[in-house]
Amino acid sequence: MSLVLGLLSHTLNRVLRYSGLRRGCHAPRHQAMEQDKALEVYDIIRTIRDPEKPNTLEELEVVTESCVEVHEIGDDEYLVIIRFTPTVPHCSLATLIGLCLRIKLQRCLPFRHKLEIYISEGTHSTEEDINKQINDKERVAAAMENPNLREIVEQCVAEPD
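Taking an unreviewed UniProt entry as the reference, the chain is identified by name as Cytosolic iron-sulfur assembly component 2A belonging to Grus japonensis. The UniProt entry for the chain carries the following comment under Sequence similarities (unreviewed entry): "Belongs to the MIP18 family." Turning to the chain, the UniProt annotation filed under Subunit (unreviewed entry) states: "Monomer and homodimer. Component of the CIA complex. Interacts with CIAO1. Interacts with IREB2. Interacts with APAF1."

Peer 1: Teacher, can you tell me more about the nonpolar core here?
Peer 2: Most often, soluble globular proteins keep nonpolar side chains buried together rather than apart. Counting residues in each nonpolar core, the largest one holds 38 residues, and the members touching the most others are V41, I45, V68, I82, F84 and L101. Mapped onto this core, the elements with two or more residues apiece are α2 (27-45), β1 (68-74), β2 (77-84), α3 (94-108), β3 (112-119), α4 (127-134), α5 (137-145) and α6 (147-157). The element that contributes the greatest number of residues to this core is α3, accounting for eight residues. With residues near it in sequence (within four places) discarded, I82 still touches V41, I45, C67, V68, L101, L105, L115, E116, I117 and Y118.

Peer 1: When you look at the sheet that holds β3 in this model, what are you seeing that I'm missing?
Peer 2: Consider a sheet: its strands pair through backbone hydrogen bonds, and that pairing is either parallel or antiparallel. Strand order in this open sheet of three strands is β1-β2-β3, and the pairing throughout is mixed. Looking at the sheet topology across the chains shown, the edges are occupied by β1 and β3. Strand after strand, the sheet turns through a mean of 20° between neighbouring axes, direction not considered. Sheet topology places β1 next to β2; six bridges connect them, and they run antiparallel. Across the sheet, G74 pairs through a bridge with E77, a residue of β2.

Cut-offs and rules
- Residues numbered from 1 in each chain as written.
- Predicted model: local features only at pLDDT ≥ 70, side-chain atom pairs only at ≥ 80, totals over all residues.
- Heavy atoms only, no water.
- UniProt positions renumbered as here; feature names shortened; annotations may be inferred.
- Core = buried A, V, L, I, M, F, W, Y, C linked by side-chain atoms within 4.5 Å.
- Buried < 20%, exposed > 50% of the residue type's maximum accessible area, 1.4 Å probe, protein only.
- Helix = DSSP H or I, 4+ residues; strand = E, 2+ residues; numbered from the N terminus.
- Contact = heavy atoms within 4.5 Å.
- Pairing = 2+ DSSP bridges.
- Axes fitted to C-alpha atoms, helices over the stretch in contact; angles between N-to-C directions.

Structure below.
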């Protein structure tokens, strides 16, 4: 019984924290800090280049400011959620784009974070499968061991001159 109550309490605390109901009088300052972190994340990912076009993800509107959410989950630790939109519903490179987002953020984010990357709901024909792949640490590590794939990712995430 105590296990169930503990789990229920933990879940309720998380719901309240993410909804903003638990923040009380600190809510405006807290929200401003989360928005600043979201803009910081967006500034990092907007310059990622598309794997098959000479444009950035920002230019193609694959990522926008509104696709980034940041929530504080602990002392100086944040949950970063990215929801990107492939250019077409059958985009064969959506998994690669998700991999590029993950690698660039893992390398560049200056704060402790947990990262979740998703394809915007209803924008890709195999979004569930791709979401599983790009959020699976073992699959990401295996992908980055492939020299050809790693080279493509490196070209996409390199900072523009």
